[in-house]
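Below, each chain spelled out in residue letters.
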Amino acid sequence: MKETKHKLNGNEYKMEFKPIIVEALAASVLRSIRYAKELPQDIPFKVIANDISPSAVEAIKRNSEYNKIDRIIPSQKDAVILLHENSGKADVIDLDPYGAPNLFLDAAMSAAKNGCLLCVTCTDMACLAGTHVGACYAKYGSMPWHSSNGHEFGLRIH
Ligand SMILES: C[S@@+](CC[C@H](N)C(=O)[O-])C[C@H]1O[C@@H](n2cnc3c(N)ncnc32)[C@H](O)[C@@H]1O
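All figures in this text were calculated on a predicted structure; none of them were measured in a lab.

**A look at the overall build of the protein**
Point 1. Along the protein, the regular secondary structure elements total seven helices and seven strands.
Point 2. Listed N to C, the secondary structure of the protein is β-β-β-α-β-α-β-α-β-α-β-α-α-α in terms of helices and strands.
Point 3. Dimensions of the protein, computed from C-alpha atoms along their principal axes, come out at roughly 60 × 45 × 25 Å.
Point 4. Burial analysis of the protein (158 residues in total) assigns 29% to the buried set.
Point 5. Counting only contacts in the protein whose residues sit at least 6 apart along the sequence, the fraction spanning at least 24 positions is 61%.

This is how it looks when you write it as structure tokens:
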């Protein structure tokens, strides 16, 4: 077990370091696979790979098995519920929704441990920010505004 030393009020404490990575919207699980394969293997981390879609969770299980990874824990929940259930436990949180990520930020803050790394991607930001007006209307039922404020408006489309 990996131990790290911490000092508090002049006293030294040893703590077990077992990082938890949460990929809350994992889809095909490719990011979790990268975490699992590319992080130092002597650290006993685990990756919770979650998606609300049953077929995505099937893909998470299949792709983890295909890559011979046993650190990935598949989960099928609403990301908001999963993050609140893991309150104060996550060392890394990875968010990559289709729409704006705002909906998930409060729950992510709840799940974050002190010093947590929060990684946020907006897969569809170009569309939300007005580059593809027709696609945005088709996907989100909203007309984006392609302007210097486009990203600001895009954050309000879910
Ligand atoms: C943009 S994809 C994620 C792509 C993935 N991060 C990657 O790099 O390949 C967004 C995923 O979020 C899932 N999703 C949407 N709403 C969700 C929710 N409330 N909770 C959990 N997953 C959700 C969708 O099923 C979809 O698979």
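**Section: the domain arrangement of the protein**
Point 1. The assigned domain composition of the protein is domain 1 (20-123) and domain 2 (127-158).
Point 2. Distance between the C-alpha centres of domain 1 and domain 2: 26 Å.

**Notes on helix H1 (residues 30-38)**
Point 1. Within H1, burial applies to Ser 32, Ile 33, Tyr 35 and Ala 36. The buried residues of H1 occupy an angular sector of 160° when projected down its axis, which confines them to one face. Projecting away from the buried face of H1 at angles above 90 degrees are the exposed residues Arg 34, Lys 37 and Glu 38.
Point 2. The elements touched by buried residues of H1 are strand E3 (20-23), strand E4 (46-50), helix H2 (54-66) and strand E5 (72-75).

**A word on the pairing of strand E7 (residues 112-120)**
Point 1. The sheet contact formed by strand E6 (residues 90-95) and E7 spans five bridges and is parallel. Note on E7: the bridge partner recorded for Ala 90 is Ala 112.
Point 2. Handedness of the E6-helix H4 (residues 102-111)-E7 crossover: right-handed.

**Describing the nonpolar core**
Point 1. Ranked by size, the top nonpolar core spans 26 residues in total, and within it Val 22, Ala 24, Leu 83, Ile 93, Ala 108 and Ala 111 carry the most contacts.
Point 2. Among the secondary structure elements, those contributing two or more residues to this core are E3, H1, E4, H2, helix H3 (79-85), E6 and H4.
Point 3. The biggest single contributor to this core is H4, with four residues.
Point 4. If near-sequence neighbours (up to four positions away) are discounted, Ile 93 is found in contact with Val 22, Ala 24, Ala 108, Ala 111, Ala 112, Cys 116, Leu 118 and Cys 119.

**Describing the sheet that holds E6**
Point 1. Within the open sheet, the five strands sit side by side as E5-E4-E3-E6-E7. Their pairing is parallel. Where the open sheet ends on each side, the last strands, each with one partner, are E5 and E7. In this sheet, adjacent strand axes meet at a mean angle of 20° when their direction is disregarded.
Point 2. On the sheet, H4 packs against E3, E6 and E7 and is oriented at approximately 165° with respect to E6.

What counts, and at which threshold
- Residues numbered from 1 in each chain as written.
- Predicted model: local features only at pLDDT ≥ 70, side-chain atom pairs only at ≥ 80, totals over all residues.
- Helix = DSSP H or I, 4+ residues; strand = E, 2+ residues; numbered from the N terminus.
- Buried ≥ 20, exposed ≤ 12 C-beta atoms within 10 Å, placed from the backbone.
- Contact = placed C-beta atoms within 7 Å.
- Domains from an automatic or database assignment.
- Arc of directions from axis to C-beta.
- Pairing = 2+ DSSP bridges.
- Right-handed = clockwise from strand over helix to strand, strands pointing away.
- Core = buried A, V, L, I, M, F, W, Y, C linked by C-beta atoms within 7 Å.
- Axes fitted to C-alpha atoms, helices over the stretch in contact; angles between N-to-C directions.

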